[in-house]
Amino acid sequence: MQKNKVYLASPFFSDGQKERIEKTVAALRKNPTIAGDGIYNPQEHQEETLEFGSHKWQDSVFATDMRQVKRADVVVAILDYKAEEDNPEPDAGTIFEIGAAWAWNIPVIMVQFKEDHELNLMLARSHTAMFSGDKIESSLAEYNFNTLPTSWTTMKVF
């Protein structure tokens, strides 16, 4: 059975965002079609030897993240950005990574913990599968990342 490599696209700037990442990674590690040590979480690769925010830091982080997206078998994207503020807009960096994956024909699996938000048309049509609400953890743990069955969102699309 193939064990797929995952690029995890997600903001990681608040405690709530980091908690959603932990839940997502834990569910992915339960999935027999995912390589447990093959989940690339950008939060863990921030070029700490370079000055944060410098051009060298920016160039290195950008190049590394794009290289890892391209190497991934699948991108799993957490859309919740400022869910604690009831803001439905996804993180711009996450959206960029989704677009890059789509352009490179890399399947995108989206998750949105707050399921009562609407979803932008471009995101709604660029994913292979989407899971939301309290079904995320069980869905990610059971989803077949080898056959990638389509699972459309029931969220309202705008």
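The model shown is predicted, which means the values in this text are computed figures rather than measured ones.

Trainee: Looking at this structure, I do not really get the environment of leucine 121. What am I missing?
Mentor: Within the secondary structure layout, leucine 121 lies in helix α4 (residues 121-124). Since its relative accessible area comes to 43%, leucine 121 is described here as partly exposed.

Trainee: Please clarify how a nonpolar patch on the surface should be interpreted in this entry.
Mentor: Residues Leu121, Met122 and Val157 make up a contiguous nonpolar surface patch of about 290 Å² in total accessible area. You can call valine 157 partly exposed: its relative accessible area is 40%.

Trainee: Whenever I open this one, the packing of aromatic side chains confuses me. Can you help?
Mentor: For any pair of aromatic rings, the description consists of the separation of the ring centres together with the inter-plane angle of the planes. The final tally for this structure, using the stated rule, is 5 aromatic pairs. Ring geometry for phenylalanine 52 and tryptophan 57: centres 4.6 Å apart, planes at 55°, overall tilted. For phenylalanine 52, a relative accessible area of 67% translates into the label exposed. The interplanar angle of 80° and the centroid separation of 4.9 Å between the aromatic rings of tyrosine 143 and phenylalanine 145 together place this pair among those described as edge-to-face.

Trainee: Would you take a moment to explain unusual backbone geometry for this structure?
Mentor: Note: most residues except glycine have negative phi, and most peptide bonds are trans. Positioned with a positive phi, asparagine 105 is a non-glycine residue whose angle comes to about 60°. Counting through the fold element by element, asparagine 105 comes out in the loop between α3 (92-103) and β4 (108-112). Backbone geometry places leucine 148, a non-glycine residue, at a positive phi of 50°. Within the secondary structure, leucine 148 sits in the segment after α5 (136-142).

Trainee: How should the pairing of strand β3 (residues 74-78) be read in this particular structure?
Mentor: Within a regular strand, the side chains alternate between the two sheet faces. In terms of residue burial, β3 counts as a mostly covered element, since 5 of its 5 residues are buried. Taking every second residue as pointing to the same face, both faces of β3 are buried, with Val74, Val76 and Ile78 on one and Val75 and Ala77 on the other. Two strands pair when backbone bridges link them, and strand β1 (residues 4-9) and β3 are joined in this way by 4 bridges, in the parallel orientation. Pairing of tyrosine 7 across the sheet is with valine 75, part of β3.

Trainee: Explanation requested: helix α1 (residues 15-30) in the structure shown.
Mentor: Structural remark: α-helix, 3.6 residues per turn; residues separated by three or four positions point the same way. Look at α1: 23 Å from first C-alpha to last across 16 residues, which is about the 22 Å you get at 1.5 Å a residue. Among the residues making up α1, those that are buried are Gly16, Gln17, Arg20, Ile21, Thr24, Val25, Ala27 and Leu28. On its buried side, α1 packs onto β1, β2 (34-40), β3, β4 and α5.

Trainee: What am I meant to see in the side chain of threonine 33 here?
Mentor: Tracing the chain through its elements places threonine 33 in the loop between α1 and β2. Looking at threonine 33, the relative accessible area reads 5%, which means it is buried. Side-chain polar atoms of threonine 33 contact the backbone nitrogen of phenylalanine 145, separated by 3.1 Å. If sequence neighbours within four positions are ignored, threonine 33 has contacts with Met1, Gln2, Lys3, Asn4, Tyr143, Asn144, Phe145 and Asn146.

Trainee: For this particular structure, what's the right way to read the sheet that holds β3?
Mentor: Strand pairing in a sheet takes place through backbone hydrogen bonds and is either antiparallel or parallel in direction. If you walk across this open sheet you meet the 5 strands as β2-β1-β3-β4-β5, and the pairing is parallel. The outermost strands of the open sheet, each flanked by one partner alone, are β2 and β5 (129-132). For this sheet, the mean angle separating the axes of adjacent strands, direction not counted, is 25°. Sheet topology note: the β4/β5 ladder contains 4 bridges and is parallel. Its bridge partner being in β5, glutamine 112 is matched across the sheet by serine 132.

Reading the values: the criteria
- Residues numbered from 1 in each chain as written.
- Predicted model: local features only at pLDDT ≥ 70, side-chain atom pairs only at ≥ 80, totals over all residues.
- Heavy atoms only, no water.
- Helix = DSSP H or I, 4+ residues; strand = E, 2+ residues; numbered from the N terminus.
- Buried < 20%, exposed > 50% of the residue type's maximum accessible area, 1.4 Å probe, protein only.
- Patch = residues over 30% accessible without salt bridge, like charges linked within 9 Å, V, L, I, M, F, W, Y side chains within 5 Å.
- Areas by Shrake-Rupley, 256 points an atom, 1.4 Å probe, with all protein chains shown as cover.
- Salt bridge = Lys/Arg side-chain N within 4 Å of Asp/Glu carboxyl O.
- Phe/Tyr/Trp six-rings, centres within 6.5 Å; stacked < 30°, edge-to-face > 60°.
- Pairing = 2+ DSSP bridges.
- Expected span 1.5 Å × (residues − 1).
- Contact = heavy atoms within 4.5 Å.
- Polar contact = N/O pair within 3.5 Å; in protein donor to acceptor, adjacent residues only side chain to side chain.
- Axes fitted to C-alpha atoms, helices over the stretch in contact; angles between N-to-C directions.

The values are spatial; any link to function lies outside them.
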